[in-house]
Amino acid sequence: MTEMPGHDLVAIAQQVKSVVRAPSALQQALLLQLEKHASRLRDNVFQLAVLGQFKRGKSTLLNALIGRPLLSSGVLPLTTVPTFLFGSETLHIRVSLQSGAVENRPVEDFASLAREVAAATTEEQNPHNKKGVLRVDVGLPGSALLADVALIDTPGIGSSNVHNTETAHAVLPECDAALFVCSVDPPITEVEIAYLDRITRTVPRVIVVLNKIDLVDVDDMRKVVEFLSSIIAERAGPQVDRLVRPVSARRALAARQAGDAKALEASGMDVLEDHVRSSLVDQKRRLLRQSIGAKIADITAALAADAAMSVNALSLPLAELDEKAAAFELAVAGFEQERTALEDFLHGEWQRALKRLETRCKEINARAGRELQSAMERGSGEEEFGVARSLAGATMKEIFDRESERLATTMEAELAAAVEVQEQRYYALANRVREAAGALFNVAVPSIVPDEWFQIK
């Protein structure tokens, strides 16, 4: 297919918008998306997202890319709201709320900016997004990469905070390319493979990054890279680069702050950035047209199908329309039974997960008790009570940190896998409802994208 110039795509979007008179609520939502995509193409805004499962080091990787510790990072899943980083002449932050309000907040220095970003985007300071933040836009001067692309920090999928996964899915239509971040332990899970498949439905180019290579030696790192590369080659679509890029984002950030070129090279960040520049930035105009063109085509197809169904319905004699309505209601009754069955299955999966959690907590309690007892016996020779108390406290903290992280990782991965399976079933059911309606009115309806159509609570 001949590639269409960007200005022609913008003109098509404007023409589509002009012919839809008195749009329905669904059509209005589609038209708003259309305008947003056309605006990005018109302004040449190429958006590169950092995506992946929680606790893979996405925010640290972004900090390393910009060379400063702007985004919060740590053991717990932190990011709860997508953050868009743009090149700018001055430091600034804009917080867009779900209510439609926009707050432009002045900042005096980088430390103040980091605090403002954390207040709006982290689970600790904005739990479950109670502040109703839709997105945060941050302007940063002095970054060579941000002069060419906008970077998106996203919540990690798969954590017990379901809204984080929903937000990560919802931001996918904004992405023109992505860095898909894995880490060495484990290199990739079934949840991540399913997420990568979802990403490639809307994102035309994906680079796989293996983070945290500083946690293993060189030989093990090579084995992990080979394993991850084999999984990508076997399971990923053509949009995904086959060459995995290993990095230590933590060491890269430290090297950038210290001005240590040798340490930066050892971190692997230089190689990753060179690849991003050659394969994405240098081709961003073409990739942007490709990405936006596909999104405009999908929206136009959905609008056309919706309009065709309305026209066909209005053209039918009332008796025939009543017959089709009755047939659709009969089909809906069957769909409703399937939906109830899916809800029952999901509820059962949740109950099974609670039982597994209870069993694992008992195992952890017994294991922690044995470790604490052993530590206290080793320190029984200490005469001072304060020393023994300090030893017990340090031991308990070590046990708690290790076991809580292990438990969270295991349970959240299991829950995410269960939800992913059910979400695919809901997606298939929703498409069947649309196909049934289309068949009755002799209209081919495009498949819906689940990220924008429903959420599992």
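For the structure, see preceding data.
All residue numbers here refer to positions counted from 1 along the written sequence of the relevant chain. Owing to the predicted nature of the model, reporting of local features is limited to residues with pLDDT of at least 70; listing and counting of side-chain atom pairs is limited to 80 or more, with chain, interface and lining totals taken over all residues. Side-chain metrics in this entry use all non-hydrogen atoms of the structure; hydrogen atoms and water are not considered.

S.K.: How do you make sense of the overall build of the protein chain when you look at a structure like this?
M.R.: The helix count covers DSSP runs of H or I at least four residues long, the strand count covers runs of E at least two residues long, and both are numbered beginning at the N terminus. A tally of helices and strands in the protein chain yields 13 helices and 9 strands. In summary, the protein chain has a C-alpha radius of gyration of 25 Å against a globular reference of 23 Å for 457 residues, a match within 12%. Based on the C-alpha atoms only, the size of the protein chain along its principal axes is roughly 95 × 50 × 45 Å. Counting over 457 residues, the protein chain shows a buried share of 46%. The contact criterion used throughout is that any non-hydrogen atoms of two residues lie within 4.5 Å. Long-range contacts, defined here as pairs at least 24 residues apart, represent 77% of the contacts in the protein chain between residues at least 6 apart. Carbon together with sulfur atoms contributes 56% to the accessible area of the protein chain, which is approximately 23200 Å² in total. For the protein chain, the distance from the average position of its 52 positive side-chain charges to the average position of its 63 negative side-chain charges is 1 Å. In this treatment the radius of gyration is a C-alpha quantity, and the globule benchmark scales as 2.2 Å times the residue count to the 0.38 power. The rule is simple: take the accessible area with a 1.4 Å probe, protein chains only, and divide by the maximum for that residue type; under 20% is buried, over 50% is exposed, in between is partly exposed. Note on areas: Shrake-Rupley, 1.4 Å probe, and residue coverage restricted to the protein chains presented here. The positive count covers Lys and Arg only, the negative count covers Asp and Glu only, and His and the chain ends enter neither. In this description, the location of a charge corresponds to atom NZ of lysine, CZ of arginine, CG of aspartate or CD of glutamate.

S.K.: Help me understand the sheet that holds strand E9 (residues 245-246), please; the structure alone is not making it clear to me.
M.R.: Within a beta sheet, neighbouring strands are joined by backbone hydrogen bonds and run either parallel or antiparallel to one another. By the convention used here, strands pair only if DSSP detects at least 2 bridges between them. The mixed open sheet is built from 9 strands, whose spatial order is E4-E3-E5-E2-E6-E1-E7-E8-E9. Only two strands of the sheet have a single neighbouring strand rather than two, namely strand E4 (102-105) and E9. Sheet topology places strand E1 (residues 47-52) next to strand E6 (residues 150-153); 4 bridges connect them, and they run parallel. Following the sheet pairing, Ala 49 is matched in E6 by Ile 152. Packing of helix H6 (residues 190-202) onto the sheet brings it into contact with E1, strand E7 (177-183) and strand E8 (206-211), and relative to E7 it is tilted by some 175°. Fitting a line to C-alpha atoms yields each axis, with helices limited to the stretch in contact; the angle taken between N-to-C directions then spans 0 to 180 degrees.

S.K.: I'm lost on the nonpolar core in this one. Help?
M.R.: Among soluble globular proteins, nonpolar side chains are generally buried collectively. Note on terminology: a nonpolar core comprises buried Ala, Val, Leu, Ile, Met, Phe, Trp, Tyr and Cys residues joined through side-chain atoms within 4.5 Å. Counting residues in hydrophobic clusters, the biggest one holds 62 residues, and the most contacted among them are Leu 61, Leu 70, Leu 85, Val 138, Leu 151 and Leu 179. Setting aside residues up to four positions removed in sequence, Leu 70 forms contacts with Asn 63, Leu 85, Phe 110, Leu 113, Ala 114, Val 117, Val 138 and Leu 140. Membership of the second largest hydrophobic core comes to 33 residues, among which are Leu 51, Ala 168, Val 206 and Val 208.

S.K.: Looking at this model, I keep getting lost on the pairing of E4. Mind explaining?
M.R.: The two faces of the sheet receive side chains in turn, since in a regular strand these alternate between them. Judged from the 4 bridges that link them, strand E3 (residues 92-97) and E4 form a sheet pairing that is antiparallel. Within E4, the residue paired with Ile 93 across the bridge is Arg 105. Connecting E3 to the next strand, E4, in antiparallel fashion are 4 residues, including Gly 100 with a positive phi near 105°.

S.K.: How do you make sense of the pattern of salt bridges when you look at a structure like this?
M.R.: Side chains that carry opposite charge are capable of pairing whenever their charged atoms lie near each other. Only one rule defines a salt bridge in this text: a Lys or Arg side-chain nitrogen within 4 Å of an Asp or Glu carboxyl oxygen. According to the stated counting rule, one finds 23 salt bridges in the structure shown. Note that Arg 40 is salt-bridged to Asp 176, the shortest N-O span being 2.5 Å. With Arg 40 in helix H2 (residues 25-43) and Asp 176 in the loop between helix H5 (162-170) and E7, this pair connects stretches of sequence that are 136 residues apart. Each member of the pair, Arg 40 as well as Asp 176, carries the same accessibility label: buried. In this structure, Arg 352 and Glu 349 form a salt bridge, with 3.2 Å as the shortest nitrogen-oxygen distance. With Arg 352 and Glu 349 both in helix H12 (residues 318-378) and 3 residues apart, this pair spans about one turn of that helix. Note on Arg 352: relative accessible area 39%, which makes it partly exposed. The exposure class assigned to Glu 349 is buried, which follows from its relative accessible area of 17%. Counted as one network, the salt bridges with shared partners bring together Lys 17, Glu 35 and Arg 42.

S.K.: In this structure, what is going on with the state of the cysteines? I would like to understand it.
M.R.: Structurally, a disulfide amounts to a covalent bond that connects the sulfur atoms of two cysteines. Disulfides are defined in this document as cysteine sulfur pairs within 2.5 Å. Under the definition given, this model contains 0 disulfides. The thiol sulfur of Cys 175 is not disulfide-bonded, and the nearest other cysteine sulfur, from Cys 182, lies at 16 Å.

S.K.: What exactly am I supposed to notice about a nonpolar patch on the surface here?
M.R.: Patch membership requires more than 30% relative accessible area and the absence of a salt bridge. Residues of like charge join within 9 Å; the nonpolar side chains Val, Leu, Ile, Met, Phe, Trp and Tyr join within 5 Å. Taken together, the side chains of Trp 350, Leu 354 and Leu 357 define a hydrophobic patch exposed on the protein surface, amounting to about 260 Å² of accessible area. Note on placement: Leu 354 falls in helix H12.

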